[in-house]
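Residues per chain are reported as follows:
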Amino acid sequence: ALKDASCREVESVSPLLSTPSTWGEVTAISFSETALWVASSKLGLVQLSLSSPIAYAPQQIALDGGEVGSILWVGHWGKLLVGTPAALYSLHYSSRTSPGPAPDKITHEWVGAIIDTVPLGMVYDSQGDTVWIAESQAVHKLRHDGGLWRIGQKQGSPITNITSVAVSNGFVWIGCEFGATRVSTMISPVQQEAAVAHNSEPGGDPWVWMYYAGSRH
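Note that the structure is predicted; figures quoted are calculated from it, not measured.

Caption draft 1: Local environment of the pairing of strand S17 (residues 179–184). The pairing of strand S16 (residues 171–176) with S17 spans six bridges and is antiparallel. Considered in S17, the bridge of Val172 is made with Val183.

Structure representation (structure tokens):
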């Protein structure tokens, strides 16, 4: 807890778990205003209350598919997205502002179907109300209704060996082992759906990819 927000002086420190436990390697973290989710090699996915007073004891959420590699809370959807080697899980919560101690429903998209490899990173695009998911061969554009678009080399992407993804000012940035590329967030596998006016650079075409530095493959 902070004693004074202006000077950031720490007043107290409290353990996340009431009993001693070994987390192992922490692989991912995400949070809402009232909850914290921590993924680790020893405990898997754990949900903790950030309310004061604490609303519930730490909860382990069992998921199949090995070690969790990425998680993202999308408050606008009331969903926690969880990436494992086996699947991309969607944990549905009835409250978007104060998620309870356990999800109301869990759905998934198997890795190896639409998603080729393990989800490495995820980011929410508030302008488009979509989530961008990075895996080694492509990025995926996920809609609130569950629609999932794969955007890779068939859609003009100049890179593979993808490591990360970010969104800023109407562009999705994709990092790889040898550089980075960007494209308009309006890009769609159905080109007619993309309004060219939304991308002023270069040439107003949302299918134009900009590549930065290094070998592409």
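Caption draft 2: Molecular detail of the pattern of salt bridges. Scanning all chains against the criterion turns up two salt bridges. Note that Asp116 is salt-bridged to Arg150, the shortest N-O span being 2.8 Å. Remark: Arg150 occurs in strand S14 (residues 148–151) and Asp116 occurs in the loop between strand S10 (105–110) and strand S11 (121–125); sequence separation between them is 34 residues. Judged by relative accessible area, which is 31%, Asp116 ranks as partly exposed. Judged by its relative accessible area of 29%, Arg150 is partly exposed. Two residues, Arg143 and Asp145, come together in a salt bridge whose shortest N-O distance is 3.1 Å.

Caption draft 3: Representation of the nonpolar core within the structure. In this structure, Trp37, Leu45, Leu80, Val82 and Leu91 are the most contacted members of the largest nonpolar core, which totals 17 residues. Elements with a contribution of two residues or more to this core: strand S4 (35–40), strand S7 (70–74), strand S8 (79–83) and strand S9 (87–92). Beyond its immediate chain neighbours, meaning those up to four positions away, Leu91 contacts Leu45, Ile61, Leu63, Gly78, Lys79, Leu80, Val82, Pro103, Lys105 and Ile106. Core analysis: the next-biggest nonpolar cluster, separate from the first, contains 15 residues, Ile159, Ile174, Cys176 and Ile187 among them.

Caption draft 4: Layout of the sheet that holds strand S13 (residues 138–143). Strand order across the open sheet formed by four strands is S11-S12-S13-S14, with antiparallel pairing between neighbours. The sheet is open, and its two borders are formed by S11 and S14, each paired with just one other strand. Each strand axis lies, on average, 20° off the axis of its neighbour in the sheet, ignoring direction. The pairing of S13 with S14 spans four bridges and is antiparallel. The residue bridging Lys141 from the neighbouring strand is Trp149, located in S14.

Calculation notes
Residues numbered from 1 in each chain as written. Predicted model: local features only at pLDDT ≥ 70, side-chain atom pairs only at ≥ 80, totals over all residues. Heavy atoms only, no water. Pairing = 2+ DSSP bridges. Helix = DSSP H or I, 4+ residues; strand = E, 2+ residues; numbered from the N terminus. Salt bridge = Lys/Arg side-chain N within 4 Å of Asp/Glu carboxyl O. Buried < 20%, exposed > 50% of the residue type's maximum accessible area, 1.4 Å probe, protein only. Core = buried A, V, L, I, M, F, W, Y, C linked by side-chain atoms within 4.5 Å. Contact = heavy atoms within 4.5 Å. Axes fitted to C-alpha atoms, helices over the stretch in contact; angles between N-to-C directions.

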